[in-house]
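Residue strings, one per chain:
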Amino acid sequence: MQKKRRNGRASNKTSVEDEIAHLRGLDLRGLRTRWLSVFQRPAPAHLTQHLLFAVIAYRLQADLFGDLDHATRQVLDRTIAQEAGPAMSARLASFDQKRTELTPGTVLVREWDRRSQRVMVMAEGFAWNGQTYDSLSKVAFAITGTKWNGPRFFGLREKGDRSTVGAQS
């Protein structure tokens, strides 16, 4: 951010809101480039686009408005120390599986390219357009022609996403 002096005080020429709005428009490569300029090191390879965005946006806001105070950081560090390692990984994996567990007969609906796409959950996979697929990611690829995380594409990982409806038939 560039600084401009007004009445002897420094003010941000580009507001943090504008900066975050700009981040929303960046693709994965753009976010990695922005990460490098913010953190002075390359972004971790495993971070997805939405996580890169969230971390950069947090850092921009923390730099402008202030980060967590020392006492809060201590509480978070103690919490991490108590729940670190394999137990935490197993708990997170279990939570993720429960969130995306689907019952056979559930119909997922997603609008793509102005068309409603209906996918039936089956005991052995997912039925779409007369074919059976073994993963939602493969269905999403068949619909879009690009790689997607299937559960995310169908709104199963974003709470409150209205583009997905689960209905028993």
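The coordinates are above.
Conventions we followed
- Residues numbered from 1 in each chain as written.
- Predicted model: local features only at pLDDT ≥ 70, side-chain atom pairs only at ≥ 80, totals over all residues.
- Heavy atoms only, no water.
- Phe/Tyr/Trp six-rings, centres within 6.5 Å; stacked < 30°, edge-to-face > 60°.
- Buried < 20%, exposed > 50% of the residue type's maximum accessible area, 1.4 Å probe, protein only.
- Lys NZ or Arg CZ within 6 Å of the ring centre and 35° of its normal.
- Helix = DSSP H or I, 4+ residues; strand = E, 2+ residues; numbered from the N terminus.
- Arc of directions from axis to C-beta.
- Contact = heavy atoms within 4.5 Å.
- Axes fitted to C-alpha atoms, helices over the stretch in contact; angles between N-to-C directions.
- Parallel < 35°, antiparallel > 145°, perpendicular 65-115°, else oblique.
- Left-handed = near helix turned anticlockwise from the far one by under 90°.
- Nonpolar A, V, L, I, M, F, W, Y, C, P; charged D, E, K, R; others polar.
- Salt bridge = Lys/Arg side-chain N within 4 Å of Asp/Glu carboxyl O.
- Core = buried A, V, L, I, M, F, W, Y, C linked by side-chain atoms within 4.5 Å.

## Some thoughts on the packing of aromatic side chains
- Under the counting rule described, the total for this entry stands at 6 aromatic pairs.
- Relative to Phe 153, the ring of Trp 148 lies with its centre 4.9 Å away and its plane at 70 degrees, an arrangement referred to as edge-to-face.
- We classify Trp 148 as partly exposed; its relative accessible area is 31%.
- Taken together through their ring pairs, the aromatic side chains of Trp 112, Trp 148, Phe 153 and Phe 154 make up a single cluster.
- For the cation-ring pair, Arg 110 lies above Trp 148, with the distance from its terminal atom to the ring centre recorded as 5.9 Å.

## Looking at helix α1 (residues 16–24)
- Among all positions in α1, only Val 16, Glu 19, Ile 20 and Leu 23 are buried. Along the axis of α1, the buried residues cluster in a sector spanning 95 degrees; they form a single face. For α1, the exposed residues lying more than 90 degrees away from the buried face are Glu 17 and Arg 24.
- Residues of α1 that are buried in the fold lie against α2 (28–39) and α3 (49–65).

## Some details on the packing of α2 against α3
- For the pair α2 and α3, the least separation of the axes is 10 Å and the interaxial angle reads 30 degrees. Put simply, α2 runs roughly parallel to α3. For the pair α2 and α3, the sense of crossing is left-handed. Two secondary-structure elements touch here, α2 through Leu 28, Leu 31, Arg 32, Arg 34, Trp 35, Val 38 and Phe 39 and α3 through Gln 49, Leu 52, Phe 53, Val 55, Ile 56, Arg 59 and Leu 60.
- In terms of residue class, the contact of α2 with α3 is built from 10 nonpolar, 1 polar and 3 charged.

## Here we look at the pattern of salt bridges
- Considering all chains together, one arrives at 4 salt bridges under this definition.
- Arg 34 is the salt-bridge partner of Glu 19, the closest N and O atoms lying 2.8 Å from each other. Pair noted here: Glu 19 is in helix α1 and Arg 34 is in helix α2, with a separation of 15 residues, a long-range link. Each member of the pair, Glu 19 as well as Arg 34, carries the same accessibility label: buried.
- One salt bridge in this structure joins Asp 67 and Arg 59, with 2.9 Å as the shortest N-O distance.
- By sharing partners, the salt bridges in this structure join Arg 59, Asp 63 and Asp 67 into a single network.

## A short note on the environment of Leu 23
- You can see Leu 23 is positioned in helix α1.
- Apart from the residues lying within four places of it in its own chain, the contact partners of Leu 23 are Leu 31, Arg 34, Phe 53, Ile 56, Ala 57 and Leu 60.

## Things to note about unusual backbone geometry
- Its identity is not glycine, yet Gln 40 carries a phi of approximately 60 degrees, on the positive side.
- Checked against the element boundaries, Gln 40 lands in the loop between α2 and α3.
- Unlike most non-glycine residues, Arg 114 shows phi in positive territory, near 65 degrees.
- By the secondary structure assignment, Arg 114 is in the loop between β3 (106–112) and β4 (115–122).
- What makes Arg 114 exposed here is its relative accessible area of 80%.

## A word on the nonpolar core
- Ranked by size, the top nonpolar core spans 14 residues in total, and within it Leu 23, Leu 31, Trp 35, Leu 52, Phe 53 and Ile 56 carry the most contacts.
- Counting residues per element, this core draws most heavily on α3, which supplies 5 residues.
- Core analysis: the next-biggest nonpolar cluster, separate from the first, contains 13 residues, Val 121, Phe 126, Ile 143 and Leu 156 among them.

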